[in-house]
Structures are given as C-alpha cells and as structure tokens.
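# Structure at a glance
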Number of protein chains: 2
Amino acid sequence: MTATPGPFSPPARILLGPGPAMVDPRVLQAMAQTPLGHLDPTFHGVMQDVRAMLRQAFRTSNPLTLAISGTGTAGMEAAIANVVQPADRIVVCVAGYFGARMAEMVRRLGGEAILVEVPWGEVVPAERVEETLDSARRSGAPARAVCLVHAETSTGVLQPLDDIVRLTHAHGAIVVVDAVTSLGGVALDVDGAGGGEGIDLSYSGAQKCLGAPPGLAPLTAGARALAVMEGRRTPPVSFNLDLALLERYWGRERAYHHTAPINSVYALREALRLAIDEGLDARVARHRRVHDQLRSGVAGLGLEFLVDERWRLPVLNALKVPDGVDDGAVRGRLLEEHNIEIGGGLGPLAGRIWRVGLMGYSAREENVARFLTAMRIILGAPRMSRPPRRT
Amino acid sequence: MTATPGPFSPPARILLGPGPAMVDPRVLQAMAQTPLGHLDPTFHGVMQDVRAMLRQAFRTSNPLTLAISGTGTAGMEAAIANVVQPADRIVVCVAGYFGARMAEMVRRLGGEAILVEVPWGEVVPAERVEETLDSARRSGAPARAVCLVHAETSTGVLQPLDDIVRLTHAHGAIVVVDAVTSLGGVALDVDGAGGGEGIDLSYSGAQKCLGAPPGLAPLTAGARALAVMEGRRTPPVSFNLDLALLERYWGRERAYHHTAPINSVYALREALRLAIDEGLDARVARHRRVHDQLRSGVAGLGLEFLVDERWRLPVLNALKVPDGVDDGAVRGRLLEEHNIEIGGGLGPLAGRIWRVGLMGYSAREENVARFLTAMRIILGAPRMSRPPRRT
C-alpha cells in the first residue's frame with residue numbers, strides 16, 4: 001500500500017514555452033465554479049456565448065463554430081477526419097512538425113498525403129502548392145483539400161494564407177488551416193482570407209493566445225467544408241469527433257453526444273470575454289509589442305532568430321542556440337533557478353533552437369524583462385560564486 | 001457588433017442526473033491553480049501520481065494506466081480504436097444506449113459488430129455471449145474482443161463481469177469494459193475479475209463516481225490487450241488516441257504528443273487523492289448507503305425501479321415515471337423551483353424513466369433528502385395556489 005500523496009501546489013512558473021501559456025487569474029476563477037449539467041438550459045446559454053465569441057475571434061459568420069472537447073491535437077484530428085475519406089488525395093504543406101502531423105493523420109485515415117515540403121524555418125510558397133494541385137488534376141485525381149499550418153509552432157514561422165486560399169478554391173479544393181498558435185495573437189480572418197473567399201475549415205487550441213487552460217479546441221467550418229462533409233460516402237471513422245453530431249449537441253437540439261468539460265467551457269468563455277474586451281486588434285498589437293521588446297533584448301544578448309524577419313511569428317520566437325552553448329543546460333537553469341519555462345527544438349531543430357512563446361497572458365512586458373535578465377545571467381555573467389575555501 | 005456578455009456565475013444546482021456529478025470544493029480549488037508546462041518535470045510528477053492512484057482505483061497493476069485527454073466518449077473510442085482493425089469481428093453486448101454506442105464505434109472503425117442484445121433494463125446473460133463466441137469460432141472467423149458496459153448509465157443496470165471474462169478468454173478474445181459510471185462508486189476489480197484473469201481493457205470518466213470535473217477519461221490496458229495492439233497490421237486510425245504514443249507521453253520518455261489539459265489533471269489528482277483517503281471500500285459503501293436511503297424514500301412516494309433488485313446499479317437509479325405524470329414537467333419543476341437536476345430516459349426509455357444519479361460528491365444524504373422533499377411537493381402535494389379571483 002503506497003501512501004496517498006499530499007495536496008499539490010505548483011511552483012509559480014513564468015510560461016514562455018510553446019504552450020500552454022499562463023492564464024489570467026480571472027479565467028482560473030471562472031474555471032473553479034461549480035459545474036452545471038451539460039444539458040442544463042443555463043449551460044446551453046454558456047455554450048451559445050462561447051460560439052458567438054469564437055465567431056468574433058475567428059472573424060467568421062460560420063454557423064458551425066464550436067469548441068471540440070479535447071486538445072488542439074483533437075481539433076486537428078476533427079478537421080481532418082471529417083474531410084478525408086479513404087483514397088482521397090490531400091495536399092499537405094509541411095514546413096515543420098505540425099504540418100508533418102497533419103500528413104500523418106491524413107495517412108492514418110486512409111487518405112493519400114501529397115506533400116509540399118520546405119526546410120523547417122521557411123514558408124511554403126503559393127506557387128509550389130499550385131504546381132502540386134495542377135499535377136494532381138492532370139493525373140485525373142484532383143486533390144480534395146489543402147492542409148496547412150498558419151503559425152508553425154515548431155519553427156516560429158507565420159505562413160501567408162491569401163494566395164493559397166485563392167488558388168486552392170480555383171482548383172475546386174478546400175483549405176484546412178491549423179490556427180492553434182495564431183488565433184487571438186496574430187491577425188487571422190477566416191471569412192476575409194483570400195480576398196473574401198475565406199478559409200473553409202480551421203481549428204485552434206484554448207491554451208495559446210486565447211489565454212484559457214488547455215483542453216478545448218475551437219473549430220469553425222464554412223459552406224465549402226460542409227459540402228465536402230455532407231458528400232461523404234461513409235460517416236467519419238471517429239464518432240467522438242463527428243462534426244455533424246457535435247453541431248447537434250452545440251445547437252438548438254441539445255442532442256446528447258458526450259459530456260462537455262463544463263469547467264473548461266467556463267474558462268474558455270471568460271478568456272474569450274477578456275480577449276474581446278481587450279479588442280482583437282489591440283490584442284494582436286500587444287503580442288507584436290512584446291515581441292519587439294524581446295527582439296531588441298535578444299539582439300543585446302547576441303542571439304539570432306531562426307526565421308527571416310518577413311515570416312517571423314511574433315508569438316513564438318525561435319532563437320538559435322549559440323555555438324558552444326548547451327541547450328538543455330540553459331533551459332534547465334532557466335526553469336530551476338528562475339522559474340521560467342521556454343521550449344527546445346523539435347525534430348531537426350532539436351538542440352539548435354530555443355522556442356520562446358509570448359502568448360495570451362504570458363505576453364506581458366514584465367515576463368520578457370524577467371526572461372532577458374535571466375538569460376543575461378545564464379549566458380553572459382562572469383561566475384560570481386566560487387567554491388568555499390577550506391580554512 | 002454584439003455586446004460582450006458579462007462574467008458567468010452558475011446557479012447552485014444539486015446534480016443528481018447521469019453526470020456530471022457535483023465536485024468537492026477542494027477539487028475545484030486544485031483545478032484553479034496556475035498551469036505548469038506539460039513537459040515540466042514537476043508536472044510529470046503530477047502525472048505519475050495520477051497513474052499510481054488510477055491503478056489503485058482500478059485495482060490493477062497494469063503499467064499502461066493513464067487518463068485520456070478527452071471525455072468518456074473519447075475514452076470509449078480510445079479503447080475500441082486501438083483494438084479494432086478493419087474486418088475484425090467484435091462481440092458487443094447491447095443492453096442500453098452505451099452498449100449500442102460501442103457497436104457504432106466498432107462499425108465506424110471498419111469492424112464487424114456481432115451484437116448480443118437484451119431489452120433495456122436487463123443484464124446480458126453470460127450464456128448468450130458464449131453462444132455468440134462459439135458461433136463465430138465455428139464460422140472460421142473467431143471474435144477478437146467482447147465489449148460490454150459494466151454500469152449501463154441509460155438503464156441503471158450493473159452487469160456482472162466474472163463469467164464473461166472467463167469464457168471470453170477461453171475463446172481467445174479480450175474483454176473491453178466500459179466503467180464510466182462504475183469506477184469509484186461500485187466494486188470494480190480490473191485484475192481480480194473472472195477469478196483473477198482480469199479485464200483486459202477498461203476506461204472510465206472523471207466526472208461520475210470519481211468526483212472530478214468532466215474532461216479526462218481514465219484508461220487501463222493489460223497484457224492481453226497490449227498483445228492485440230502490438231499485433232496490429234496498421235497503426236490505429238486515430239493519432240490523437242493512439243495508446244502507444246500516449247504511453248510514451250505519460251511515461252519516462254515524456255515524448256511530446258499533445259498538450260495535456262493541465263488543470264483537469266490537477267483536479268483529477270485531487271479527486272483521486274480524496275477518494276483513496278476515503279477508502280475505496282468505504283466509498284462504495286457510501287454510494288450503497290445513499291442508494292438505500294433513496295430506495296426507502298421513493299417507495300414512500302409510490303415510485304418503482306425499472307431494474308430488478310439483483311442487477312440494480314446503486315449510483316444510477318432508473319425510476320419509472322408513473323402513469324399520467326408528465327416526465328418533462330416534473331424535471332423542469334425540479335430544476336427551476338428546487339435547483340435539482342435529474343436525467344430523463346434515452347431511446348426506448350424516453351419519457352418512461354427518470355434517472356437519478358448518486359455519484360461521487362453528489363452521493364450525500366442531504367442531497368437525497370432534498371430530492372425526496374422536492375418530489376413529495378411536486379408529485380404529491382395538493383395544489384396550494386389557485387388562480388386569483390376576479391373581483
């Protein structure tokens with residue numbers, strides 16, 4: 001019989017990694033309220049508030065806008081599983097870890113993933129997507145969708161969307177956009193993208209720039225995406241993520257599907273409320289401002305960005321680990337001595353970059369200042385303490 | 001531009017429906033603590049505490065014991081998607097809504113669901129399962145698994161497991177048990193079931209008898225289930241629910257897979273801690289005691305149980321709606337006038353039963369007393385108010 005552990009109390013970390021970000025105390029208090037039943041008319045009202053505010057955040061009028069009861073990974077799988085049918089050809093832009101994950105999901109679901117690959121740290125040129133769509137069309141089996149990541153969390157690249165939206169539609173396919181790290185932190189205009197043609201399907205996570213704890217994945221689907229879903233030969237393999245059933249649960253029917261994570265929905269509602277009160281444009285400007293502060297500061301430390309300035313994602317900053325510096329040791333000292341979390345690199349960038357997230361409630365000047373001070377100590381200061389002398 | 005809604009404050013409901021149940025304020029406070037990064041060594045320690053306590057709750061030594069980052073429905077899909085491959089034959093016991101849902105998932109995943117059906121409100125006899133397994137074996141395509149629900153939330157039946165565990169193993173198949181509504185409220189012995197042969201794969205939900213908010217699905221898999229998973233020809237169609245990847249995330253490797261819902265894990269840790277402090281046997285006895293209190297009380301109201309006393313599930317009580325009584329009107333008055341939520345019937349039992357859940361923190365004598373008082377007023381009291389007379 002092992003002893004029961006005592007109550008847990010987390011250390012007061014400054015979260016500047018790739019997510020989760022810190023959470024406003026008001027959001028945590030909202031989360032700690034007593035749960036309601038998930039079919040209670042009062043809770044249904046909470047769900048409708050969340051839908052309405054998610055539409056504002058995504059800048060869309062899509063009726064099918066809701067939060068998947070799961071993580072951002074569940075949001076990605078919801079988007080892909082509802083679109084892809086076996087043998088479908090899907091163009092997937094792979095410029096980092098999360099693009100590669102979209103391709104993996106397409107393949108597991110029986111689709112054929114046609115990759116448009118670029119080195120990690122670069123953007124996907126629209127011409128490459130167009131060539132790939134052309135080639136698929138010429139082969140007689142045109143692609144059903146183009147999947148791409150707006151803000152590639154593994155590299156710190158912000159992918160331009162407009163041209164890809166237009167040319168994908170011109171090829172009769174739909175655009176699926178991963179907005180996990182962009183929604184609420186950089187400009188995203190679901191209905192306005194591509195000169196008003198619009199992104200067809202997009203999903204995000206609660207725990208990045210929206211400022212809620214992890215556990216919900218906002219998702220929105222427009223008319224073209226609905227047409228693809230309604231034209232399926234078979235229902236999605238996932239009952240859990242079937243958007244037709246989820247829409248009936250979130251909608252007027254209140255048809256039972258699963259038990260929503262009530263307290264997480266409370267938290268998301270409060271986080272959205274605070275985001276919209278701040279103003280979405282003001283929020284994007286704040287994320288930009290703390291990024292600029294970071295950029296000035298790291299220049300003073302002699303650190304360089306991985307990504308060309310034109311494509312740099314302000315909310316996730318990939319900094320090159322200087323030659324001769326031990327990536328893990330620096331991150332360990334930041335965490336243990338300064339209570340600051342940053343992320344390491346993934347895949348080919350492991351050991352080569354640090355990922356500094358400035359998202360949501362983490363995106364504050366005091367946090368950047370603390371990070372810069374800590375890095376100055378760790379990277380630059382002469383060793384102040386010596387081993388005690390034996391006397 | 002719609003106005004931003006104000007902060008939300010839920011009414012103080014007594015939750016006596018099929019779930020979510022009420023949550024101890026200590027669990028809600030644990031949930032409201034500041035998030036840590038999901039790969040933070042301190043958070044990894046929290047995950048290990050949760051694993052150890054889940055093993056105690058499930059009464060298992062299975063190394064692969066963790067919480068799926070999703071709802072009970074995600075837990076069900078995780079269990080089925082990791083086992084079922086296309087064309088697999090799976091015996092599914094259907095005695096209510098959740099058995100039917102297991103069959104639906106098997107079919108969506110490309111498996112052949114061989115149903116053992118009984119009327120809702122009855123148990124599945126072990127002989128029927130044995131006949132079905134025999135018949136499948138004689139046909140040359142034996143079943144790979146038997147899926148069944150331990151506590152059928154739609155009917156209030158507690159399904160005996162021991163005989164089915166033994167005969168399923170004798171047929172070379174594995175047993176998958178839905179323990180969403182049983183874990184923490186009625187006796188469940190994963191390793192001891194079937195005279196020590198053990199249940200091979202089982203999942204639950206955080207929000208029922210364990211007393212945490214919804215959003216996590218405890219799951220445990222034993223050696224026979226692992227052998228089936230390792231023998232797959234293809235990986236599971238769900239990346240999000242791939243247990244091999246989830247084990248690497250929860251285990252020593254801390255290999256990134258998704259961002260765990262940190263605050264929900266805090267809450268589950270605290271709920272498990274309180275459950276184990278109470279003592280699992282004492283907790284089961286408490287659930288039984290408040291059920292007995294309810295049973296005595298509803299007898300005084302002239303209400304009858306749907307389910308034969310031998311199979312009655314103490315934590316979810318299906319009461320027949322008396323002839324001439326309007327199901328929805330009674331539930332509406334309970335909610336609006338008394339702040340008490342109970343559930344209605346699903347499927348063929350819609351309008352015919354009320355479902356009174358006594359789970360976790362809801363399973364307290366004061367709640368039963370309030371429910372009985374309210375029902376006495378609604379069902380039995382003479383009409384005290386009259387329409388005002390015109391004068």
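## Some thoughts on the overall build of chain A
Counting its regular elements, chain A contains 13 helices and 13 strands. In summary, chain A has a C-alpha radius of gyration of 22 Å against a globular reference of 21 Å for 391 residues, a match within 12%. Every one of the 391 residues in chain A was classed for burial, and the buried ones make up 63%. Accessible area of chain A: about 14,300 Å², with a carbon and sulfur share of 51%.

## Some words on the sheet that holds strand S11 (residues 316-320) of chain B
Working definition: the strands of a sheet are paired by backbone hydrogen bonds and lie parallel or antiparallel to each other. Residues and elements named next belong to chain B. Strand order in this open sheet of 3 strands is S11-S14-S13, and the pairing throughout is antiparallel. Every other strand in the sheet has two partners, leaving S11 and strand S13 (343-344) as the edge strands with one partner each. Bridge count for S13 against strand S14 (residues 353-357) is 2 bridges, and the pairing is antiparallel. Pairing of Gly343 across the sheet is with Arg355, part of S14.

## With respect to the sheet that holds strand S4 (residues 112-117) of chain B
All names here are of chain B. Read from one edge of the open sheet, 7 strands run S2-S10-S9-S8-S5-S3-S4, paired in mixed fashion. Only two strands of the sheet have a single partner each, and these edge strands are strand S2 (64-68) and S4. Direction aside, the axes of adjacent strands within the sheet are offset by 15 degrees on average. Alignment of strand S8 (residues 174-178) against strand S9 (residues 201-203), held across 3 bridges, turns out to be parallel. Note on S9: the bridge partner recorded for Val177 is Ser202. Running at roughly 165 degrees to S9, helix H3 (residues 72-83) makes contact with S2, strand S5 (145-149), S8, S9 and strand S10 (217-221) of the sheet.

## What to know about helix H4 (residues 97-108) of chain A
Residues spaced three or four apart along an α-helix face the same direction, because each turn holds 3.6 residues. Residue and element names in this part refer to chain A. In this model H4 runs 16 Å from its N-terminal to its C-terminal C-alpha over 12 residues, within 8% of the 16 Å that 1.5 Å per residue would give. Buried within H4 are the following residues: Phe98, Gly99, Arg101, Met102, Ala103, Met105, Val106 and Arg108. Positive phi shows up at Gly110, right after H4, with a value of about 90 degrees.

## Some thoughts on the relation of the copies chain B and chain A
With an RMSD of 0.0 Å, the fit of chain B onto chain A corresponds to turning through 180 degrees and sliding 0.0 Å along the axis. The operation mapping one copy onto its partner corresponds to a two-fold rotation axis. Of the residues that chain B buries at the interface, 100% are likewise interface residues in chain A, meaning the two copies contact each other through the same surface.

## Focus on the interface of chain B and chain A
Each partner contributes to the interface: chain B provides 75 residues, whereas chain A provides 75 residues. Here chain B meets chain A over a buried area of about 6,100 Å², counting both sides, of which 60% is carbon and sulfur. Looking at the side of chain B facing chain A, the largest losses of area belong to Phe8(B), Arg108(B) and Phe239(B), adding up to 13% of the total buried there. Linking chain B to chain A there are 4 salt bridges. Where chain B touches chain A, the interface holds 22 residue pairs in polar contact (both at pLDDT 80 or more). When residues in the side of chain B that touches chain A are grouped by element, the largest group, 9 residues, is from helix H10 (residues 262-278) of chain B. Residue composition of the side of chain B that touches chain A, grouped by class: 37 nonpolar, 25 polar and 13 charged.

## A word on the pattern of salt bridges
All names here are of chain A. All told, the structure shown has 52 salt bridges over all chains when counted by the stated rule. Where Glu104 meets Arg108, a salt bridge forms, and the shortest distance between an N and an O atom there is 2.7 Å. With Glu104 and Arg108 both in helix H4 and 4 residues apart, this pair spans about one turn of that helix. Glu104 sits in the partly exposed class, given a relative accessible area of 26%. One salt bridge connects Asp308 with Arg310, and the closest N-O pair in it is separated by 3.0 Å. What emerges from the salt-bridge pattern is a single network uniting Arg288, Asp292, Arg295 and Glu309.

## Let's talk about the packing of helix H2 (residues 41-58) of chain A against helix H10 (residues 262-278) of chain A
Residues and elements named next belong to chain A. Orientation of H2 relative to H10, taken along the N-to-C sense of each, is 40 degrees, at an axis distance of 9 Å. Taken together, the axis directions place H2 and H10 in an arrangement best described as oblique. H2 and H10 meet at a crossing whose hand is left-handed. Contacts between H2 and H10 involve Phe43, Val46, Asp49, Val50, Met53, Leu54, Gln56 and Ala57 from the first element and Ile262, Val265, Tyr266, Leu268, Arg269, Leu272, Arg273 and Ile276 from the second. Its residues placed into classes, the contact of H2 with H10 shows 12 nonpolar, 1 polar and 3 charged.

Reading the values: the criteria
- Throughout, residues of each chain are indexed from 1 in the direction in which the sequence is written.
- Labels follow written order: the first chain is A, the first ligand is 1, and so on.
- Restriction of local features to residues with pLDDT of at least 70 applies here, the model being predicted, together with a cutoff of 80 or more for giving and counting side-chain atom pairs; totals for whole chains, interfaces and linings are based on all residues.
- Water and hydrogen atoms play no part in the side-chain values, which are based on all heavy atoms of the structure.
- Secondary structure elements are taken from DSSP: a helix is a run of H or I of four residues or more, a strand is a run of E of two residues or more, and numbering for both begins at the N terminus.
- The globule rule is 2.2 Å times the number of residues to the power 0.38, and the radius of gyration it is compared with is taken over C-alpha atoms.
- Think of it in three bands: with a 1.4 Å probe and only protein chains considered, a residue is buried below 20% of the maximum accessible area for its type, exposed above 50%, and partly exposed in between.
- We get accessible surface area from the Shrake-Rupley algorithm with a probe of 1.4 Å; when it comes to residues, only the shown protein chains can shield them.
- Here a strand pair is declared whenever DSSP counts at least two bridges between the two strands.
- Simply put, an axis is a line fit to the C-alpha atoms, just over the touching stretch for a helix, and the angle between two N-to-C directions goes from 0 to 180 degrees.
- Here, two residues are considered to be in contact whenever any of their heavy atoms come within 4.5 Å of each other.
- The span expected for a helix works out to 1.5 Å for each residue beyond the first.
- Least squares is used to superpose the copies, and the fit set is the C-alpha atoms of residues whose pLDDT is at least 70 in both copies.
- Once two parts are put together, the accessible area they lose, assessed with a 1.4 Å probe and summed over both, is termed the buried area.
- Think of a salt bridge as a Lys or Arg side-chain nitrogen and an Asp or Glu carboxyl oxygen that are within 4 Å of each other.
- For the purposes of these results, a polar contact is taken to be a pair of N or O atoms within 3.5 Å, where, inside protein, one atom must be able to donate a hydrogen and its partner to accept one; residues adjacent in sequence count only when each atom of the pair is a side-chain atom.
- In this classification, the charged set is Asp, Glu, Lys and Arg, the nonpolar set is Ala, Val, Leu, Ile, Met, Phe, Trp, Tyr, Cys and Pro, and all remaining amino acids, among them Gly, are polar.
- Orientation is classified from the angle alone, with under 35 degrees giving roughly parallel, over 145 giving roughly antiparallel, 65 to 115 giving roughly perpendicular, and any other angle giving oblique.
- Throughout, a crossing is termed right-handed when the near helix is turned clockwise from the far one, and left-handed when it is turned anticlockwise from it by less than a right angle.

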